[in-house]
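Listed below are the residues making up each chain.
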Amino acid sequence: MLKTEELQINIGPQHPSTHGVFRMVVTLDGETVIDLKPVFGYLHRNHEQIAEQNSYLQNMPYTDRLDYFNSMANNHAYAMAVERLAGIAVPERAEYIRVLMVELTRILNHAGALGFLLNDMGMWQTQLAFGMREREKILDLFEAASGARLMCNYFRFGGVARDLPPDFVPHLRELLVAMPAFVDELERLLRENEILIQRSEGIGILPKELALAYSVTGPVLRGSGVPYDVRKAEPYSVYDRFDFDVPVGSVGDVYDRFLVRIEEMRQSRRIIEQIIEQLPDAQGGHINPKARQNVRPPVADSYARIESPKGELGFYLVSDGSTRPYRYKVRAPSFINLTPLGDMCRGYKVADVVVILGSIDIVMGEVDR
Amino acid sequence: MARLSPAELRERLERDLPGAVVETTPLQISPPPAHGPPPGPYSTDDTLVAPDLLVEAACYLRDQLGYAFLSDLAVVDFLHAGLFELMYRFYHVDGGPALVLKLRVPRADPRVPSLTPRWPGANFHEREALDLFGIIFDGHPYPKRIYMWDEFEGWPMRKDFPRQGDKYIGEDE
């Protein structure tokens, strides 16, 4: 093939498919990507240092702003880290409510992520509108429980801010009854879709060994065939009581990641059904009445991680015995999942870059922190 | 799943990698307050390794013990004690709790060997630590700032970084 001059272009920082303010410096030979360097920092606000100047409770709403799609999951990881540091017990009922909220978050995140992925492929709006329609229903439930749709600020140390409203579970049941039809419809729409298959099969392959070496987590890791899920690997909260599967892909291409997300929505629904069954028998209230919110933990460090919809979300805290964390570190899944982006895109066409980035599913609020 | 506890890890490392494990000493995070009882010292159960042998210890965890997944790297600035503590978390692919390696370097000369050549997943973690704390990772293939712009001076997450003022805004006007 004729060798042409290399061309360096910038995708972003303002680009509809970069999911925020994010830039990729792409070196091209014709239309083929030979190198890609991500450039971060457009949304950097030194989240960690601001958090070190806040009290422990003041940080709870601030974690909402990390991954603004999944505020409940962020709350969960942070609450767990502080509870380990201060030695706060969580009643059983509160644990069930927490897991319920995080699993609902997973469904809405994946519904949105799949819609956006299709958007990136040039299939305008229809699938995104389908996903957003389902997301709205879950957001209504969040609003009923926490008072807010996106920035929920629902978790407290030792439980959650308030108990579920009386009509929450009936509405949730309705949602669960309608959900399989939606997921099946979405899968059918996409699985038999010529555009999707052409654009995603064999694109952005991340082999198993490379995925592990690059420390990626979440659906990206499982799409590459590694059955690693924090909910199974190191069960936290009440996840050891539920029966669910960890879906994995085989090749590690964009298509596999998409299938893993579809299946995870079904598994989350299974977990929620088991929660509804077990919730009435759960001991305790929605919060530990002895838990103080203005905590002053002893001098120590603690770490907590959860399986957030985007991957492994971890919080590392060091206390110096005061009311503010001495060190507050977020292990953001979106950020680390971007590490292999250059390798995943190398050798593919420039139009595939957008799709591969979409399949990683990032939120810049969390990447740049 | 039976996994190694920190004490067992220390034993294994002492046996197979002499000189890697360093004695942990408790340190004071902050100066004693003017009133009231002073807070206790900060001590850790985790394994403290010598910076020179970090790469060997990490590879031992991966190749001999199967802890192939490097999850997190966090830096803590202990200004009062005059050192940085780095925390590395490794997980086993089959599950179970983490093995943690920690190391301490003086604030005056924070040099640490880079894991990135052997462990590509450490790349962004190390660049973040370089950007915000000014830790120098020897052997990193692309040691550039990751969040702040290249011309930025100073290390924003250090405890002695000024938290007020506009030192960096409009400097060249």
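Since we're looking at a predicted model, the values are computed, not measured. (Residues numbered from 1 in each chain as written. Chains lettered and ligands numbered in written order. Predicted model: local features only at pLDDT ≥ 70, side-chain atom pairs only at ≥ 80, totals over all residues. Heavy atoms only, no water.)

### Description of the overall build of chain A
Turning to step 1, where the next piece is worked out: Helix and strand counts for chain A stand at 15 helices and eight strands.
Turning to step 2, where the next piece is worked out: Its C-alpha atoms give chain A a radius of gyration of 21 Å, near enough to 21 Å, the size a compact globule of 369 residues would have.
Turning to step 3, where the next piece is worked out: By residue count, 63% of the 369 residues in chain A fall in the buried class.
Turning to step 4, where the next piece is worked out: Counted over contacts in chain A with a minimum sequence separation of 6, partners at least 24 positions apart contribute 72%.
Turning to step 5, where the next piece is worked out: For chain A, the exposed area adds up to about 13000 Å²; of that, 52% sits on carbon and sulfur atoms.
Turning to step 6, where the next piece is worked out: Taking the 41 positively charged and 49 negatively charged side chains of chain A as two groups, their mean positions are separated by 5 Å. (Helix = DSSP H or I, 4+ residues; strand = E, 2+ residues; numbered from the N terminus. Rg over C-alpha atoms; globule rule 2.2 N^0.38 Å. Buried < 20%, exposed > 50% of the residue type's maximum accessible area, 1.4 Å probe, protein only. Contact = heavy atoms within 4.5 Å. Areas by Shrake-Rupley, 256 points an atom, 1.4 Å probe, with all protein chains shown as cover. Lys, Arg positive; Asp, Glu negative; His and termini not counted. Charge placed at Lys NZ, Arg CZ, Asp CG, Glu CD.)

### What to know about the nonpolar core
Turning to step 1, where the next piece is worked out: In terms of nonpolar packing, the biggest core is built from 173 residues, with B:Leu86 and B:Tyr88 touching the most fellow members.
Turning to step 2, where the next piece is worked out: Setting aside residues up to four positions removed in sequence, B:Leu86 forms contacts with B:Leu73, B:Ala74, B:Val75, B:Leu101, B:Lys102, B:Leu103, B:Val105, B:Val112, B:Ile135 and B:Phe137. (Core = buried A, V, L, I, M, F, W, Y, C linked by side-chain atoms within 4.5 Å.)

### Quick look at the sheet that holds strand β2 (residues 47–49) of chain B
The pairing of strands in a sheet comes from backbone hydrogen bonds and takes either a parallel or an antiparallel form.
Residues and elements named next belong to chain B.
Turning to step 1, where the next piece is worked out: With respect to topology, five strands assemble into an open sheet ordered β1-β2-β5-β4-β3, the strand pairing being mixed. Two strands in the sheet have a free side with no partner beyond their single neighbour: β1 (21–22) and β3 (69–78).
Turning to step 2, where the next piece is worked out: The sheet contact formed by strand β4 (residues 83–91) and strand β5 (residues 99–106) spans eight bridges and is antiparallel. What sits directly across from phenylalanine 84, in β5, is valine 105.
Turning to step 3, where the next piece is worked out: The strands that helix α2 (residues 54–63) touches are β2, β4 and β5; relative to β5, the one it contacts most, it runs at about 175 degrees.
Turning to step 4, where the next piece is worked out: Packed onto the sheet, helix α3 (residues 123–133) meets β3 and β4 and runs at close to 10 degrees relative to β3. (Pairing = 2+ DSSP bridges. Axes fitted to C-alpha atoms, helices over the stretch in contact; angles between N-to-C directions.)

### A short note on the packing of helix α4 (residues 92–120) of chain A against helix α6 (residues 168–191) of chain A
Residue and element names in this part refer to chain A.
Turning to step 1, where the next piece is worked out: Where α4 meets α6, the axes come as close as 13 Å, and the angle between the chain directions of the two elements is 30 degrees. Classed by the angle they form, the pair α4 and α6 counts as roughly parallel. Every pair of crossing elements has a handedness; the one defined by α4 and α6 is left-handed. Residue-level inspection shows Leu100, Met101, Leu104, Ile107, Ala111, Leu114 and Leu118 of α4 in contact with α6, the latter providing Phe168, Leu172, Leu175, Met179, Phe182, Leu186 and Leu190.
Turning to step 2, where the next piece is worked out: When the residues that make up the contact of α4 with α6 are grouped by side-chain class, the tally is 14 nonpolar, no polar and no charged. (Parallel < 35°, antiparallel > 145°, perpendicular 65-115°, else oblique. Left-handed = near helix turned anticlockwise from the far one by under 90°. Nonpolar A, V, L, I, M, F, W, Y, C, P; charged D, E, K, R; others polar.)

### Describing the interface of chain A and chain B
By a frequent convention, interface size equals the accessible area lost on bringing the separate parts together.
Turning to step 1, where the next piece is worked out: Across the contact, 41 residues belong to chain A and 47 residues belong to chain B.
Turning to step 2, where the next piece is worked out: Taking both partners together, chain A and chain B bury about 3700 Å²; carbon and sulfur atoms supply 60% of that area.
Turning to step 3, where the next piece is worked out: Joining chain A to chain B, the criterion identifies four salt bridges.
Turning to step 4, where the next piece is worked out: A:Asp301 serves as the salt-bridge partner of B:Lys102, at 2.6 Å between the closest nitrogen and oxygen.
Turning to step 5, where the next piece is worked out: Where chain A touches chain B, the interface holds 19 residue pairs in polar contact (both at pLDDT 80 or more).
Turning to step 6, where the next piece is worked out: Taken together, the elements giving at least two residues each to the side of chain A that touches chain B come down to β3 (32–39), α1 (47–52), α8 (208–213), β6 (300–308), β7 (311–319), β8 (325–331), α12 (333–337) and α15 (364–368) of chain A. (Buried area = accessible area lost by both parts, 1.4 Å probe. Salt bridge = Lys/Arg side-chain N within 4 Å of Asp/Glu carboxyl O. Polar contact = N/O pair within 3.5 Å; in protein donor to acceptor, adjacent residues only side chain to side chain.)

### A look at helix α14 (residues 350–360) of chain A
Residue and element names in this part refer to chain A.
Turning to step 1, where the next piece is worked out: Of all 11 residues making up α14, 10 are buried, and the element is well covered by its neighbours.
Turning to step 2, where the next piece is worked out: Val350, Asp352, Val353, Val354, Val355, Ile356, Leu357, Gly358, Ser359 and Ile360 are the residues of α14 that are buried.
Turning to step 3, where the next piece is worked out: Positive phi shows up at aspartate 361, right after α14, with a value of about 65 degrees.

### Some points on the side chain of A:Arg331
Turning to step 1, where the next piece is worked out: On the secondary structure map, A:Arg331 appears in strand β8.
Turning to step 2, where the next piece is worked out: Comment: no salt bridge for buried A:Arg331; closest opposite-charge side chain is A:Glu312, at 4.0 Å.
Turning to step 3, where the next piece is worked out: There is a polar contact of 2.8 Å between the side chain of A:Arg331 and the backbone oxygen of B:Ser71.

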